[in-house]
Amino acid sequence: MAYKSILTVTLGETVKPEALDSAVQIARQEGGHLDVLCLGVDRVQVGYYFDTASPALLEQGIARAREEAQAAHDAVEARLKGEDIPYAVRAAVVQIGAIAEVVGQTARYNDLVVLSKPYGGDNEVEDAAVLEAALFEGNAPVLVVPGKPMARFGKKVVIGWNESVEALSAIRAAMPILQAADEVDVAIIDPYQHASEQADPGAELCRMLSRHDISVEASVLPKTMPKVSDVLMRHATDEGADLIVMGAYGHSRFRESILGGATRDMLAESELPVLMAH
């Protein structure tokens, strides 16, 4: 198994180099094809404008979104010109409510989606919508890279393991990276809260991974900090890891948007790339 189809998505006319450059790197090392979807977002919602609004307002929104998409398309084409990988760049105009459909339909035919961090900085609500569309509507694994282009990563990988379906999906999606890694550490935080293998937490997972010739060990960690994401990030830093693999949205998206959760906290605060699946 390898990542032969890689997708990244731009929003508006600004192209974030961290996601694009990382996607190029992965496509090159995997011998894969890169697709870039450049979205211009029409923020004028047809279902919510006043009946006194001019129809020209609607046309202006579409025209502005078309300009943004084309500007991003041209910037990406200029960036990729001369690269030694096969690629395709497509521009599209979409309303906010249709991001899930457009991104999901595209993501489902790719092995990996590479995106920048959806929270913090100058990110918009659409950034989180793209991430969630890839995970839920596209059912694709997503690699979220921090706010700078990353050098080669995946040498030392930390897996956040809690026996959930989401975590196992992320591990299976990360197999090409795990098999190429020098070391893989399975981090189990406060296992007595969720693990059925209390005598030897993580044993079955480690056995499964070792059968794929993956050098793996398990670390059982107490929950010494209020948030699970903080414990996992600190452990990854202490271990010198360059990638975290974990399940996404073990709780509902609504609950995490209101109360917070490991997924949202990790995406907002991690300085390492994070590979997630649902």
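Look up: the structure comes first, before these words.
Quantities reported herein were computed from a predicted structural model and do not represent experimental measurements.

Conventions and cut-offs
- Residues numbered from 1 in each chain as written.
- Predicted model: local features only at pLDDT ≥ 70, side-chain atom pairs only at ≥ 80, totals over all residues.
- Heavy atoms only, no water.
- Helix = DSSP H or I, 4+ residues; strand = E, 2+ residues; numbered from the N terminus.
- Buried < 20%, exposed > 50% of the residue type's maximum accessible area, 1.4 Å probe, protein only.
- Contact = heavy atoms within 4.5 Å.
- Areas by Shrake-Rupley, 256 points an atom, 1.4 Å probe, with all protein chains shown as cover.
- Pairing = 2+ DSSP bridges.
- Axes fitted to C-alpha atoms, helices over the stretch in contact; angles between N-to-C directions.
- Arc of directions from axis to C-beta.
- Core = buried A, V, L, I, M, F, W, Y, C linked by side-chain atoms within 4.5 Å.
- Phe/Tyr/Trp six-rings, centres within 6.5 Å; stacked < 30°, edge-to-face > 60°.
- Lys NZ or Arg CZ within 6 Å of the ring centre and 35° of its normal.
- Parallel < 35°, antiparallel > 145°, perpendicular 65-115°, else oblique.
- Left-handed = near helix turned anticlockwise from the far one by under 90°.
- Nonpolar A, V, L, I, M, F, W, Y, C, P; charged D, E, K, R; others polar.

Turning to the overall build of the protein chain, a few remarks are in order. Helix and strand counts for the protein chain stand at 10 helices and 10 strands. Out of the 278 residues belonging to the protein chain, those deemed buried represent 50%. Put simply, 79% of the contacts in the protein chain that link residues at least 6 apart link residues at least 24 apart. Split by element, the accessible area of the protein chain, about 13200 Å² in all, is 50% carbon and sulfur.

The subject of this paragraph is the sheet that holds strand E4 (residues 112-116). Here 10 strands make up an open sheet; going across it, the order is E3-E2-E1-E4-E5-E10-E9-E6-E7-E8 and the pairing mixed. Because the sheet does not close on itself, it has two edges, and the strands there are strand E3 (87-95) and strand E8 (216-221). Along the sheet, successive strands turn relative to each other by an average axial angle of 25°, direction set aside. Judged from the six bridges that link them, strand E7 (residues 183-189) and E8 form a sheet pairing that is parallel. Residue Ala187 lies in a different strand from E8, and its bridge partner there is Ser219. The strands touched by helix H3 (residues 99-107) within the sheet are strand E1 (5-11), strand E2 (33-42), E3 and E4, with E2 carrying the most contacts at an inclination of about 175°.

This paragraph deals with unusual backbone geometry. Of note, the phi angle at Asn139 is positive, near 50°, even though the residue is not glycine. Inspection of the secondary structure assignment puts Asn139 in the loop between helix H4 (125-137) and strand E5 (142-145). Classification of Asn139 as exposed rests on a relative accessible area of 58%. You will see that Asp190, though not glycine, has its phi angle at about 50°, which is positive.

A few words now on helix H7 (residues 203-210). The complete set of buried residues in H7 reads Ala203, Leu205, Cys206 and Leu209. Around the axis of H7, the buried residues are gathered within 165° of arc, so they sit on the same side. In this fold, the buried residues of H7 make contact with strand E6 (156-160), helix H5 (165-173), helix H6 (175-180), E7 and E8.

Let us now look at the nonpolar core. Among the nonpolar cores identified, the biggest contains 44 residues, and Leu34, Leu143, Ile159, Leu178, Leu209, Val245 and Leu275 are the most heavily contacted of them. For this core, the leading source of residues is helix H1 (residues 17-30), giving six residues. Core analysis: the second largest hydrophobic core is formed by 39 residues, Ile99, Ala107, Leu135 and Ala140 among them.

Taken as a whole and assessed by the stated rule, the structure comprises one aromatic pair. Seen from the ring of Tyr119, Arg264 lies directly overhead, with NZ or CZ sitting 4.2 Å from the centre.

Packing of H3 against H4 brings their axes to within 8 Å, and their N-to-C directions diverge by 45°. By the angle between their axes, H3 is oblique relative to H4. H4 is crossed by H3, and the crossing has right-handed handedness. In this structure, H3 contributes Ile99, Ala100, Val103, Gly104 and Ala107 to the contact, and H4 contributes Glu126, Ala129, Val130, Ala133, Ala134 and Glu137. Tallied by class, residues from the contact of H3 with H4 come to eight nonpolar, one polar and two charged.

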